[in-house]
There are 2 protein chains.
Amino acid sequence: MSSWNPRTGVAVAAPPDSTPGQVDNAVAAAVAAADEVASARPAERAAWLEAIAAALAADRDDLAELADEEVGLGMPRLTGEAGRAAETIRFYASVVREGGWLGATIEAGRPDLRRMRVPLGPVAVFGASNFPFGFGVLGHDTATALAAGCPVVVKAHPAHPRLSAALAALAGDALNGAGAPAGALSLVAGFAAGSQLVAHPEIRAVAFTGSQRGGLALWRQAATREQAIPVFAEMGTVNAAVVTETADPDEVAAGFVGSFTLGMGQFCTKPGLLLAPAGLAERVAKALDQAKPQGWLLTEQIAATFGEGVLGLEGAGARLLARTPGTGSGWQAQPAVLAVTPDRLRRNPALLEEVFGPVALVAEYADVAERDAVLDVLPGSLATAVHAAADDPDLPALVARLSRRCGRVVVNGWPTGVAVGWAQQHGGPWPATTAPAHTSVGSEALQRFLRPVTFQDAPDAALPPALRRANPWGIPRRGDG
Amino acid sequence: MSSWNPRTGVAVAAPPDSTPGQVDNAVAAAVAAADEVASARPAERAAWLEAIAAALAADRDDLAELADEEVGLGMPRLTGEAGRAAETIRFYASVVREGGWLGATIEAGRPDLRRMRVPLGPVAVFGASNFPFGFGVLGHDTATALAAGCPVVVKAHPAHPRLSAALAALAGDALNGAGAPAGALSLVAGFAAGSQLVAHPEIRAVAFTGSQRGGLALWRQAATREQAIPVFAEMGTVNAAVVTETADPDEVAAGFVGSFTLGMGQFCTKPGLLLAPAGLAERVAKALDQAKPQGWLLTEQIAATFGEGVLGLEGAGARLLARTPGTGSGWQAQPAVLAVTPDRLRRNPALLEEVFGPVALVAEYADVAERDAVLDVLPGSLATAVHAAADDPDLPALVARLSRRCGRVVVNGWPTGVAVGWAQQHGGPWPATTAPAHTSVGSEALQRFLRPVTFQDAPDAALPPALRRANPWGIPRRGDG
């Protein structure tokens, strides 16, 4: 296996692909650790997460440098992302301590029913290329699976194999130091290792962040298993931003360019389409020409697919408005914006397929009917945005219409920023995810890795602590007085 | 299509299978109704459910008679089941009114994030043979999908086609009278109609209750769709009951026979295995000989599969202990109990596959090690039971061990009774369900048909009522002061 530098296209050696025996060993270690990980008190598991967060924060700068060699996103972005990843892991530790995720519910009566959630068991995590920290080895999926009490086997992303190995080693030491069992977290590498994980009978759930094609392939593979398991595939989408006449067009144009070129457009929440009144296309083109965003795509394949994707949009009837020329080194991106008519958008579904990277469409609508006709054919997405004056009489209906097609509606902002908290949703209708009831970001992300159990007429001594009459863990419980 | 009387094996005419055009029309009607069903206030949807419940309760006796002609479960059971189904629908109406299912969560700050759950859209429901009311056209799946705000297209079960049509007509009138849109609930019939539903691009989720084979087939079919949708298949399992030395063996033997022959063993929560100290097998055989339960199996196919299943258990090394002879009319069942050694149970997985109908295994263990060795190879199940004195020092460890393998642990009772409430769980690890995070019974069953949406920085007027600052619906909200 090789680790490529996007700036130069030059490779250095990376850890080799895992052998089938190594994958089996990683899963066996997860199975062996499962009971201990599951039965640890919330405070104990929270401390494990905090140990990982502390180690990540302490090594932030070195890790960001290593990441930058592999993904070329630049030090400001990567040190920021690593720091936020540490904060995120601490947030999940606080979620674990709070205990509401257990869903403890008590219905004392005849029968006496007491319900809580328990971990599913070993989880396979497939990290993403574009957030080596946020959705990498120690990203949301790993942190929430561990938080929920599940051992994790991560499949390293080939875009950052050395960073993946470094993060797994760092977390392994931190977990060990905090008293977590060996096997709580393992790393495997290589395409075959990933397939083996999805097929493995001891894997109880799969979490994936990445492309449509990748997510769909995993989902279909999992459906050939003898035992059904949940597959939580979060996939990039075309996230539409709608602008009304009451918005400030120059502010929108500049914000849009900033958002769709952030991280060289390699965000699953990138706004890929601006649906706006006449005049916006020209302003966006001008804003792109002024901003001249420079950067590299994560991998050779992403660079190739990006180029083909832009050509595909042109072939489907979009017209190039502006493009920032690259200097030609490595996998440098050429951010571009294209114009398309609402009519073409409605008639050609190819225009509404995600092109990963710094490209976006602008469609100018003549009137509200034309605008809403486009909104009604939008595929599901992770997020959408509306730009309008707060007192725009159209705003409530627009927000309601958009909310039917996405997991998050942003008003007068851009979807690329995803705050981590109790009220966040990162998911949405197909094709945003295979599991629309769930999220990969925020406190509710733990729920993917849990299942409920009800205890009927069990005496106090036979109940788990979360359901005992004295509530020894002091967690919030429903129906408990 | 025919409707068969299990007591006689004689058929009368039933409504014909739906044509492909009729299935398309049913889905189109659901799509047309979706926004109105979704946007109805909780109190409004609750009133729709209450109208159905009232109509069902009013026609209970006539419906039970019709059901008895088709499933032969007897009037006491069927009037009881119909009455409980009406109560259950009322319970879900109360759940809708309470509003906690919306999961409204508010995180006021920068950004201001507000999260709630919204309905998925049209749901396909596949009813079960064995509970023509409880899991039929107006059973848990239909009631909770409607409660969640999703239109429903039900596929009638061929074991009770005339009852299915009567229930759909009754509910259609009730919904219409209560002001619900046409298309909120439709019925289709026939195997091909079911396949068409699962493949239909406008169907957003599938709920199924039934056999392993049926559930798995639907799940695999759904995985060939272009758009991934959740499939909630709840499937019958071998539900183990464990007995310790401190339990009363005669009471256990009588209770076990009563539970595994209830409804002629046609419960997905039937205890299919008793793991008990020496002496229990003989007692169970005696209890069966004394009880002499009489009844019919639901369909010719179930009768045939039951006969083969019992022969299969014998072929796998179980020994017939007692069997109640039938009189030979229709699809009369011959309830049976077989003995098997713990060693054989552990070594032959065929002994741990569900045989639907009134048959159960008794395995006598010599010591705790032998008992626990069996527990460690049990497949996942909907429920388990333990019989032991409340102060049995072994009880806590047994309950904990069983809770890892099922959705509900019953202490000193039998799993066949499933109370409907806030703390119930009807689901479990594979092979009990394709979606272990969910339940088909109880307040949480609505969650299958919902997905979260977050509103970021939306002004109050653009928020749905559940998230507005004044909380006009008066629902419980997290983070709201």
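As the structure is a prediction and not an experimental result, all values here were calculated from the model.

A word on the pattern of salt bridges
At step 1: Per the counting criterion, the structure on display carries 42 salt bridges over all chains.
At step 2: E202 of chain B is the partner of R204 of chain B in a salt bridge, and the nearest nitrogen-oxygen pair spans 3.2 Å.
At step 3: Salt-bridge contacts for D343 of chain B lead to R347 of chain B; the nearest nitrogen and oxygen are separated by 2.5 Å. Pair noted here: D343 of chain B and R347 of chain B are both in helix α12 (residues 342–347), with a separation of four residues, about one helical turn.
At step 4: The exposure class of R347 of chain B is exposed, given its relative accessible area of 62%.
At step 5: Each of R371, D372, D376, D394 and R401 of chain A takes part in salt bridges that share partners, so that together they form one network.

Digging into unusual backbone geometry
At step 1: The omega torsion of the bond from R110 of chain A to P111 of chain A falls at -5°, within 30 degrees of zero and hence cis.
At step 2: By the secondary structure assignment, P111 of chain A is in the loop between β3 (105–107) and β4 (113–119).
At step 3: Its identity is not glycine, yet M264 of chain B carries a phi of approximately 55°, on the positive side.
At step 4: Looking at where M264 of chain B falls in the secondary structure, it is placed in the loop between α9 (249–260) and β11 (271–277).
At step 5: Of note, the phi angle at N412 of chain B is positive, near 50°, even though the residue is not glycine.
At step 6: One can find N412 of chain B in the loop between β16 (406–411) and β17 (450–456).

Some details on the nonpolar core
At step 1: Core analysis: the largest hydrophobic core is formed by 220 residues, its most contacted members being F133 of chain A together with F133 of chain B.
At step 2: For F133 of chain B, the contacting residues outside a window of four places in its chain are L56, L63, A64, A67, L78, E81, A82, A85, L138, G139, L163 and L167 of chain B.

What to know about the interface of chain A and chain B
At step 1: On the chain B side, the residues contacting the 65 residues of chain A number 65 residues.
At step 2: Of the roughly 5,100 Å² buried between chain A and chain B on both sides combined, carbon and sulfur atoms contribute 57%.
At step 3: Of all residues in chain A, A423, R451 and Q456 of chain A bury the most surface against chain B, accounting for 12% of the area lost on that side.
At step 4: Along the contact surface separating chain A from chain B lie four salt bridges.
At step 5: Here E98 of chain A makes a salt bridge to R478 of chain B, at a shortest N to O gap of 3.2 Å.
At step 6: Summed over the shared surface of chain A and chain B, the result is 34 residue pairs in polar contact (both at pLDDT 80 or more).

Concerning the relation of the copies chain A and chain B
At step 1: Expressed as a screw transformation, the operator carrying chain A onto chain B has a rotation angle of 180° and an axial translation of 0.0 Å, and the superposed copies differ by an RMSD of 0.0 Å. The operation mapping one copy onto its partner corresponds to a two-fold rotation axis. Considering only C-alpha atoms, the part of chain A nearest the rotation axis is A223 of chain A, at 3.1 Å.

Thoughts on the packing of helix α2 (residues 42–58) of chain B against helix α5 (residues 140–148) of chain B
Residue and element names in this part refer to chain B.
At step 1: As a packed pair, α2 and α5 sit with axes 9 Å apart at the nearest point and diverge in direction by 155°. Classified by the angle their axes make, α2 and α5 are roughly antiparallel. Crossing geometry of α2 relative to α5 is assigned as right-handed. Contact with α2, carried on its side by R45, L49 and I52, involves A143, L146, A147 and A148 of α5 and no other residues of that element.
At step 2: Its residues assigned to classes, the contact of α2 with α5 comprises six nonpolar, no polar and one charged.

Some thoughts on the sheet that holds strand β3 (residues 105–107) of chain B
At step 1: What the 10 strands build is an open sheet, ordered β12(A)-β13(A)-β14(A)-β11(A)-β10(A)-β15(A)-β16(A)-β17(B)-β4(B)-β3(B); its pairing is mixed. Of all strands in the sheet, those bounded by a partner on one side alone are β12 (319–323) of chain A together with β3 of chain B. Between one strand axis and the next, the sheet turns through 20° on average, direction left out of account.
At step 2: Direction of pairing for strand β13 (residues 336–340) of chain A relative to strand β14 (residues 359–365) of chain A: parallel, over a ladder of five bridges. Its bridge partner lying in β14 of chain A, L338 of chain A is registered against L361 of chain A.

Here we look at helix α5 (residues 140–148) of chain A
All names here are of chain A.
At step 1: In terms of burial, α5 is a largely internal element, nine of the nine residues being buried.
At step 2: When α5 is considered as a whole, its buried residues turn out to be H140, D141, T142, A143, T144, A145, L146, A147 and A148.
At step 3: Phi turns positive one or two residues past the end of α5, at G149, with a value near 100°.

What about the environment of L175 of chain B?
At step 1: Mapped onto the secondary structure, L175 of chain B falls in helix α6 (residues 161–177).
At step 2: Taking the C-alpha atoms as reference points, L175 of chain B and E50 of chain B, 125 residues apart in sequence, are found 9.4 Å from one another.

Observations regarding the domain arrangement of chain A
Residues and elements named next belong to chain A.
At step 1: Per the domain assignment, the segments of chain A are domain 1 (2–235 + 434–467) and domain 2 (239–411).
At step 2: Put simply, the middle of domain 1 and the middle of domain 2, counted by C-alpha atoms, are 32 Å apart.
At step 3: It is P6, R7 and N130 in domain 1 that bury the most area against domain 2; as a group they hold 34% of the surface buried on that side.
At step 4: At the boundary of domain 1 with domain 2, the tally comes to zero salt bridges.

Quick notes on the sheet that holds strand β10 (residues 239–243) of chain B
At step 1: Strand order in the open sheet formed by 10 strands is β3(A)-β4(A)-β17(A)-β16(B)-β15(B)-β10(B)-β11(B)-β14(B)-β13(B)-β12(B), and the pairing between neighbours is mixed. With one partner strand each, in any of the chains shown, β3 of chain A together with β12 (319–323) of chain B form the two edges of the open sheet. Neighbour to neighbour, the strand axes of the sheet diverge by 20° on average, direction disregarded.
At step 2: Examined bridge by bridge, β4 of chain A and strand β17 (residues 450–456) of chain A share seven bridges and lie antiparallel to one another. Across the sheet, R117 of chain A pairs through a bridge with P452 of chain A, a residue of β17 of chain A.
At step 3: α9 of chain B contacts β10, β11, β13 (336–340), β14 (359–365) and β15 (381–387) of chain B of the sheet and is inclined by roughly 170° relative to β11 of chain B.

Looking at helix α2 (residues 42–58) of chain A
All names here are of chain A.
At step 1: Over its 17 residues, α2 runs 24 Å from end to end, which matches the ideal 24 Å to within 8%, given 1.5 Å per residue.
At step 2: For α2, the set of buried residues is P42, R45, A46, W48, L49, I52, A53 and L56. One side of α2 carries all its buried residues, which in axial view fall inside an arc of 155°.
At step 3: Of the surrounding elements, those touching the buried residues of α2 are α1 (20–39), α3 (60–71), α4 (75–98), α5 and α6 (161–177).

Basis of the calculations
- Residues numbered from 1 in each chain as written.
- Chains lettered and ligands numbered in written order.
- Predicted model: local features only at pLDDT ≥ 70, side-chain atom pairs only at ≥ 80, totals over all residues.
- Heavy atoms only, no water.
- Salt bridge = Lys/Arg side-chain N within 4 Å of Asp/Glu carboxyl O.
- Helix = DSSP H or I, 4+ residues; strand = E, 2+ residues; numbered from the N terminus.
- Buried < 20%, exposed > 50% of the residue type's maximum accessible area, 1.4 Å probe, protein only.
- Core = buried A, V, L, I, M, F, W, Y, C linked by side-chain atoms within 4.5 Å.
- Contact = heavy atoms within 4.5 Å.
- Buried area = accessible area lost by both parts, 1.4 Å probe.
- Polar contact = N/O pair within 3.5 Å; in protein donor to acceptor, adjacent residues only side chain to side chain.
- Least-squares fit on C-alpha atoms with pLDDT ≥ 70 in both.
- Axes fitted to C-alpha atoms, helices over the stretch in contact; angles between N-to-C directions.
- Parallel < 35°, antiparallel > 145°, perpendicular 65-115°, else oblique.
- Left-handed = near helix turned anticlockwise from the far one by under 90°.
- Nonpolar A, V, L, I, M, F, W, Y, C, P; charged D, E, K, R; others polar.
- Pairing = 2+ DSSP bridges.
- Domains from an automatic or database assignment.
- Expected span 1.5 Å × (residues − 1).
- Arc of directions from axis to C-beta.

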